[in-house]
Amino acid sequence: MLITWLDVSLLGLVAVLAFNLWEQNRQRVLLENVLRDVYDLVNKHNSLADAFVELANDFDEQQENK
């Protein structure tokens, strides 16, 4: 009877550990996706900022040429 309870306890511990590993892997994948999206957002922001600076410079040049 004692061995049976030990086996059940060990199986329960293994199940909890397996669930924790699965959950951590799922969270890691979600965080990688969020990080990728943040990098994409920053790149788009930088591209937009560069385009705005070019537009402002072109506008200044046109104002100086008038």
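Here is a short report on the structure shown in this document.

Procedures and definitions
- Residues numbered from 1 in each chain as written.
- Predicted model: local features only at pLDDT ≥ 70, side-chain atom pairs only at ≥ 80, totals over all residues.
- Heavy atoms only, no water.
- Helix = DSSP H or I, 4+ residues; strand = E, 2+ residues; numbered from the N terminus.
- Rg over C-alpha atoms; globule rule 2.2 N^0.38 Å.
- Buried < 20%, exposed > 50% of the residue type's maximum accessible area, 1.4 Å probe, protein only.
- Areas by Shrake-Rupley, 256 points an atom, 1.4 Å probe, with all protein chains shown as cover.
- Phe/Tyr/Trp six-rings, centres within 6.5 Å; stacked < 30°, edge-to-face > 60°.
- Salt bridge = Lys/Arg side-chain N within 4 Å of Asp/Glu carboxyl O.
- Patch = residues over 30% accessible without salt bridge, like charges linked within 9 Å, V, L, I, M, F, W, Y side chains within 5 Å.

1. Looking at the overall build of the protein chain
A count of helices and strands for the protein chain gives 1 helix and 0 strands. Taking 11 Å as the expected radius of gyration for a compact globule of 66 residues, we find that the protein chain reaches 29 Å, considerably beyond that expectation. By its C-alpha atoms, the protein chain is 100 × 10 × 5 Å across when sized along the principal axes. The buried share of the protein chain, reckoned over its 66 residues, is 2%. When the accessible area of the protein chain is evaluated, it comes to approximately 6400 Å², of which 66% is carbon and sulfur surface.

2. Notes on the packing of aromatic side chains
For any two aromatic rings, the description comes down to two numbers: the centre-to-centre distance and the angle of the planes. A full pass over the atoms with the stated rule returns 1 aromatic pair. On the numbers, 5.8 Å between centres and 40° between planes, the contact of Phe19 with Trp22 is tilted. Here Trp22 and Phe19 lie together in helix H1 (residues 2-65), a separation of 3 residues that amounts to about one turn.

3. Let's talk about the environment of Leu2
With respect to the element layout, Leu2 can be found in helix H1. Considering only alpha carbons, one finds Leu2 and Glu61, 59 residues apart in sequence, at a separation of 88 Å.

4. Remarks on the pattern of salt bridges
Evaluated as defined, the whole model comprises 3 salt bridges. Close ionic contact of Arg28 with Glu32 constitutes a salt bridge, the shortest N to O distance being 2.8 Å. Linking Arg28 with Glu32, this pair stays in helix H1, spanning 4 residues, or about one helical turn.

5. Comments concerning a nonpolar patch on the surface
The grouping of Leu10, Leu13, Val14 and Leu17 at the surface amounts to a nonpolar patch, some 370 Å² of accessible area in total. Structurally, Val14 can be placed in helix H1.

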